[in-house]
Amino acid sequence: MGTLAEKILGRASGGRVAVGQYVEVTPDWCFTVDDTIGLIMKYHLEAGVTRLAAPARVGIFYDHYAPADSREHASDHSAGRAYARQHGIAHLFDVGQGISHQVCVERGLIAPGQLVFNSDSHTTTLGAVGCFGTGLGAAETAYVWATGGIWLRVPPTIRILLTGTLRPGVDAKDACLALLRAHGARVATYRAIEFHGEGAASLGMASRLTLCNMGVELGAKAAMFPADAVTAEHFSRLGIPIDVEAGRPDADSSYERDIALNLSDVEPLAAYPHAVDDVGTVRDVAGIAINQAFLGSCTNGRLEDLRAAAAVLKGRHVAPGVRMIVTPASSQVFAAALREGIIDIMTTAGAIVTTPGCGACAGLHLGVLGDGEVCISSSSRNFRGRMGSPNAAIYLASPATVAASAVVGRITDPRLLG
Amino acid sequence: MHVCGKTLALGDDVSSDLLYPGKYLTVSDRAEQARHALEGFGEEWPERLRGHSVLSAGWNLGCGSSREQAATALLAAGVELVVARSMSRLFLRNCINNGLPVIESDELAAALADGMTLSADLASGTAQIAEREFRFQPLPDVLLAIVRDGGLLARLRRTSRQGT
C-alpha cells in the first residue's frame, strides 16, 4: 500500500511501485508555458517529430510574458498558436487568461489522483487538489509530447503534520517561510511532501495552493494535500465529479520522516535576499526602505491574497516613491476582484493593476528591478538577478506584509496597521 | 564513459537564475546560449568558464526555475561533466536528459577546487584528482544509457529517422 506519490505513479506506470524505483510513466496531462514553447517546437522540427502522441492531453499557457513585450516573445506566441492549430491542441490558454497552475485548478482541468507535468518548476502547486504535479525541462516536455511517456524515480515522502490555526495577519505564505526557516531549501530534494493534520484540514484551497507552490522551494518533486472535504467542495462548485479516494494515500502508507508545524505559532516572516531559506521575522527587517512592492504570482496572486492586501490598502495610499504592482493570477481572479470592489480600492490607493499572468516574479517582461533597488514581493523566489538587476534586493513576504510595506514605504508588519 | 578535464568550482545553492539569466530564455541557438552560461554571476563569467570541461558545486546546484538552458548552455560551452554535493531535481533531470553526465558526491565535490584536473569513469564510479582516488555512486544504468545516447532528443531523432 502506498503514499499518494506511490499510488499515483503506480497507476501512471501500470503496476505497483516501490520507493527508489525508476519507472516509465504516462502522465494524464503534459503542459507547457510560453517561455518554453519555442524550444519544444524547435526540438520537434530538428528531431523530425510530425505528430504528437496525445494532443488531447497537452496544453499551452501564455503567462510568463503576456502580453508580449518584445518581437521575440511575440513571435514565440504566434508560432505557438500555429503549432497548436497544426497539431490539434485544443487547450491553448492565450494572453490574459492567467498563470497555468491557477487556471488548471480554478477551471477544474486537472483532478485528484492525476499525474501532471508542466515545463514550469511551480507545477507542485497542483498538489493542492491531491494531484502529483511536477516540473519538466523543455527537452523532456518535447519528448513526452512525442512519445507519451518519460522516466521518473519514485520518491520517498515526507509527511508534514500541521496543527493549530493561522492567527489574524498571518497567512499560508508565512507558514511556507516558517518551514523554510526551520528546515532549509534542501530538506525535500527528490522527495514528495504530503500535508496532514487538523491544521491542514483547516486550510482553504487558496492556502493549500500557496503551500504546495512553495513545496518546490523546499526542494520537493511534488507537494500534496490529500483530497478531502475542501477538495470535494472545490470541484462540486465547478460541477465536476471527482473520485476523492484517488487523491488520498492508503491508510497504512509509510513515510520517510515527519515534520511538524504548529500554525498558531507562525508570525509574519520574510525571506531575505538572496535565499528562500534565509528567513526571519518581518519585525527584524522592519524599516528597510523599498522601491517596489509586487503582489501576484502563482504563490500569492489569488482572490484571497488580493483581499488581504485590499484590507490593508483601504483608505490608505501607497507611499511616495514606491510603485506597487498588482498582477491577478488569472482573468477569473481579476473579474472577481473587480466585482468585490478590490480593484477600486487598489487603484484608489495608487497601486498599478496589470494583465493577469506571472507578472514581475520572473523578471521577464514587466516590473523589472533596477540596480540597487529593493522589492518586497509576494512571489516565491528572491535569487540574485531573478527580477532584473543582479544588484537588486528581493524580500519575500505575505500579501498583507507586501501591502503594509507599500503603504509605509518601508518593510512593515501588517498587524501594526490593524 | 570516461571524462577528463579542468574544473571550475562554484558554491552552494547556485540557482538556475545564476547559471543562465531569464532574460535569455528565448535564445534557442546553443552557441549563443554558451555565451551567457554562468552570466548571472557577472558578465565576465562566460569567459571565465572557457577551457573548463568540469563544473563543480556544493549543495543544491541548479535550484529554482526549470529552465533547461541552465544545463544546455553549459553543454554548449564545453562542459562535459557536472559534479556537486547535491543538485535540484530539475537541474539533474535537465543535465541527464540533455546528455550531460552528472556525479553527486559529497566527497568528490568537496575535494574539487578551481583549476584541478578531474578524471572520472562514469560507469564504474571511480575518479581521480592528481594521485588521489575516489569512489562515487554511478548513475543507474537506465540514466547512463540516456547520457550515452546523447539525451532524449537524440533518441527522438533516431526514432523519427527509423520511421517508427
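Up top is the structure these notes are about.
Source: prediction; values computed, not measured.

K.L.:
Just checking my understanding: could you explain the overall build of chain B for this structure?
P.N.:
Of regular secondary structure, chain B possesses eight helices and seven strands. Residues counted as buried form 59% of the 164 residues belonging to chain B. Considering only residue pairs separated by 6 or more positions, chain B has 63% of its internal contacts joining residues 24 or more positions apart. Entry remark: accessible area of chain B is about 6,400 Å², with carbon and sulfur atoms responsible for 47%. With 17 positive and 20 negative side-chain charges, chain B shows a separation of 7 Å between the mean positions of the two kinds.

K.L.:
It is not clear to me how the packing of helix α2 (residues 34-47) of chain A against helix α3 (residues 71-87) of chain A should be interpreted in this structure. Could you clarify?
P.N.:
A pair of packed helices is characterised by two quantities: the angle between their axes and the separation of those axes. Residues and elements named next belong to chain A. Close contact between α2 and α3 brings their axes to 9 Å; oriented N to C, the two are set at 55°. Viewed along their axes, α2 and α3 adopt a mutual orientation that is oblique. The two elements α2 and α3 cross, and the hand of that crossing is left-handed. From α2, Asp-34, Ile-37, Gly-38, Met-41 and His-44 reach across to α3, where they touch Asp-76, His-77, Ala-79, Gly-80 and Tyr-83.

K.L.:
Can you help me understand helix α8 (residues 205-213) of chain A in this one?
P.N.:
Along an α-helix, residues three or four apart share an orientation, since each turn contains 3.6 residues. The element α8 of chain A is extensively covered by neighbouring structure, given that eight of its nine residues are classed as buried. Restricting attention to buried positions, one finds in α8 of chain A the residues Met-205, Ala-206, Arg-208, Leu-209, Thr-210, Leu-211, Cys-212 and Asn-213 of chain A.

K.L.:
Please clarify how the interface of chain A and chain B should be interpreted in this entry.
P.N.:
Quoted interface sizes are often the accessible area lost when the parts come together. At the interface, 40 residues of chain A touch 41 residues of chain B. Taken over both partners, the interface formed by chain A and chain B buries close to 3,300 Å², and the fraction arising from carbon and sulfur atoms is 60%. Broken down residue by residue, the surface that chain A buries against chain B is led by Trp-151, Arg-186 and Tyr-190 of chain A, which jointly contribute 22%. Remark: the boundary between chain A and chain B carries three salt bridges.

K.L.:
Mind showing me how you'd approach the side chain of Gln-33 of chain B here?
P.N.:
Turning to its location among the elements, Gln-33 of chain B is positioned in helix α2 (residues 30-34). With residues near it in sequence (within four places) discarded, Gln-33 of chain B still touches Tyr-20, Val-27, Ser-28, Gln-69, Thr-72 and Ala-73 of chain B.

K.L.:
Even after reading the chapter, I still don't get the packing of aromatic side chains, so can you show me in this structure?
P.N.:
Pairs of aromatic rings are described using the distance from one ring centre to the other and the angle between the two planes. What the rule picks out here adds up to nine aromatic pairs over all chains. Taking 6.2 Å as the distance between ring centres and 70° as the angle between the ring planes, the aromatic pair formed by Tyr-20 of chain B and Tyr-24 of chain B counts as edge-to-face. Residue Tyr-20 of chain B is classed as buried on the basis of its relative accessible area of 0%. Tyr-24 of chain B gets classed as buried once you look at its relative accessible area, which sits at 15%. Grouping aromatic residues by their ring pairs yields a cluster made of Trp-29, Phe-31, Phe-61 and Phe-93 of chain A.

K.L.:
Any chance you could explain the sheet that holds strand β6 (residues 132-135) of chain A here in plain terms?
P.N.:
Picture the strands of a sheet paired through backbone hydrogen bonds; they go either parallel or antiparallel. Residue and element names in this part refer to chain A. In space, the five strands of this open sheet follow the order β4-β3-β2-β5-β6, with parallel pairing throughout. Lying at the two open borders of the sheet, with one neighbouring strand each, are β4 (91-93) and β6. In this sheet, neighbouring strand axes are inclined to one another by 20° on average, regardless of whether the strands run parallel or antiparallel.

K.L.:
Looking at this model, I keep getting lost on the environment of Asp-94 of chain A. Mind explaining?
P.N.:
As for its position among the elements, Asp-94 of chain A is in the loop between β4 and α4 (100-106). Asp-94 of chain A sits 108 residues away from Ser-202 of chain A along the chain, and the two C-alpha atoms are 35 Å apart.

K.L.:
It is not clear to me how the nonpolar core should be interpreted in this structure. Could you clarify?
P.N.:
Proteins that are soluble and globular tend to have nonpolar side chains buried together. Formed by 97 residues in total, the largest nonpolar core has its most connected members in Trp-145 of chain A together with Leu-74 and Phe-91 of chain B. A total of seven residues in this core trace back to one element, the largest contributor, which is helix α5 (residues 138-147) of chain A. In terms of nonpolar packing, the next biggest core, distinct from the first, is built from 63 residues, Val-129, Ala-178, Ala-188 and Ala-360 of chain A among them.

K.L.:
Would you mind showing me how to read the pairing of strand β5 (residues 115-118) of chain A here?
P.N.:
As a general feature of sheets, a regular strand has side chains that alternate between the two faces. Residues and elements named next belong to chain A. Neither face of β5 is left uncovered, since the one carrying Leu-115 and Phe-117 and the one carrying Val-116 and Asn-118 both have all their residues buried. Alignment of strand β2 (residues 29-33) against β5, held across three bridges, turns out to be parallel. Within β5, the position partnered with Trp-29 by the bridge is Val-116. The pairing of β5 with β6 spans four bridges and is parallel. In the strand pairing of β6, Phe-117 is matched with Thr-134.

K.L.:
Would you take a moment to explain the sheet that holds strand β11 (residues 257-262) of chain A for this structure?
P.N.:
Residue and element names in this part refer to chain A. One open sheet accounts for four strands, arranged β10-β9-β8-β11; its pairing is parallel. Because the sheet does not close on itself, it has two edges, and the strands there are β10 (222-224) and β11. The sheet shows a mean angle of 20° between the axes of neighbouring strands, taken without regard to direction. Here strand β8 (residues 157-163) pairs with β11 via six bridges, running parallel. Paired with Leu-161 across the strands is Ala-260, a residue of β11. Contacting β8, β9 (192-196) and β11, helix α6 (residues 172-183) crosses the sheet at an angle of about 130° to β11.

K.L.:
Looking at this model, I keep getting lost on unusual backbone geometry. Mind explaining?
P.N.:
Residues apart from glycine generally show negative phi values, whereas peptide bonds are mostly found in trans. Along the chain, Ala-66 of chain A connects to Pro-67 of chain A via a cis peptide bond; the corresponding omega equals -5°. One can find Pro-67 of chain A in the loop between β3 (58-61) and α3. Cis geometry marks the peptide bond from Pro-273 of chain A to His-274 of chain A; its omega dihedral reads 0°. Position of His-274 of chain A among the secondary structure elements: in the loop between β12 (269-271) and β13 (279-281). One non-glycine residue, Asp-13 of chain B, lies in the positive phi region at around 50°. One can find Asp-13 of chain B in the loop between β1 (2-9) and α1 (16-19). With a phi close to 50°, Ala-130 of chain B is a non-glycine residue in the positive phi region. Inspection of the secondary structure puts Ala-130 of chain B in the loop between β6 (126-129) and β7 (132-135). Of the residues examined, Ala-130 of chain B reaches a relative accessible area of 65% and is grouped as exposed.

K.L.:
I'm lost on the packing of helix α12 (residues 303-313) of chain A against helix α15 (residues 399-408) of chain A in this one. Help?
P.N.:
Residue and element names in this part refer to chain A. At a closest axis distance of 8 Å, the pairing of α12 and α15 adopts a crossing angle of 30°. Taken together, α12 and α15 sit at an angle that is classed as roughly parallel. In this structure, α12 meets α15 at a crossing whose hand is right-handed. In contact with Asp-305, Ala-309, Val-312 and Leu-313 of α12, α15 contributes Pro-399, Ala-400, Ala-403, Ala-404 and Val-407.

K.L.:
Could you clarify how one ought to interpret the environment of Val-19 of chain A in this entry?
P.N.:
All names here are of chain A. Position of Val-19 relative to the elements: it lies in the loop between α1 (4-13) and β1 (22-25). The class of Val-19 is partly exposed, set by a relative accessible area of 43%. Spatially, the C-alpha atoms of Val-19 and Thr-50 are 36 Å apart, while their sequence positions differ by 31 residues. Once residues lying within four places of it in the same chain are set aside, the contact partners of Val-19 are Glu-6, Val-154, Pro-155 and Pro-156.

Here is what the cut-offs are and how they apply
- Residues numbered from 1 in each chain as written.
- Chains lettered and ligands numbered in written order.
- Predicted model: local features only at pLDDT ≥ 70, side-chain atom pairs only at ≥ 80, totals over all residues.
- Heavy atoms only, no water.
- Helix = DSSP H or I, 4+ residues; strand = E, 2+ residues; numbered from the N terminus.
- Buried < 20%, exposed > 50% of the residue type's maximum accessible area, 1.4 Å probe, protein only.
- Contact = heavy atoms within 4.5 Å.
- Areas by Shrake-Rupley, 256 points an atom, 1.4 Å probe, with all protein chains shown as cover.
- Lys, Arg positive; Asp, Glu negative; His and termini not counted.
- Charge placed at Lys NZ, Arg CZ, Asp CG, Glu CD.
- Axes fitted to C-alpha atoms, helices over the stretch in contact; angles between N-to-C directions.
- Parallel < 35°, antiparallel > 145°, perpendicular 65-115°, else oblique.
- Left-handed = near helix turned anticlockwise from the far one by under 90°.
- Buried area = accessible area lost by both parts, 1.4 Å probe.
- Salt bridge = Lys/Arg side-chain N within 4 Å of Asp/Glu carboxyl O.
- Phe/Tyr/Trp six-rings, centres within 6.5 Å; stacked < 30°, edge-to-face > 60°.
- Pairing = 2+ DSSP bridges.
- Core = buried A, V, L, I, M, F, W, Y, C linked by side-chain atoms within 4.5 Å.

As far as function goes, none of this settles anything; it's purely spatial.
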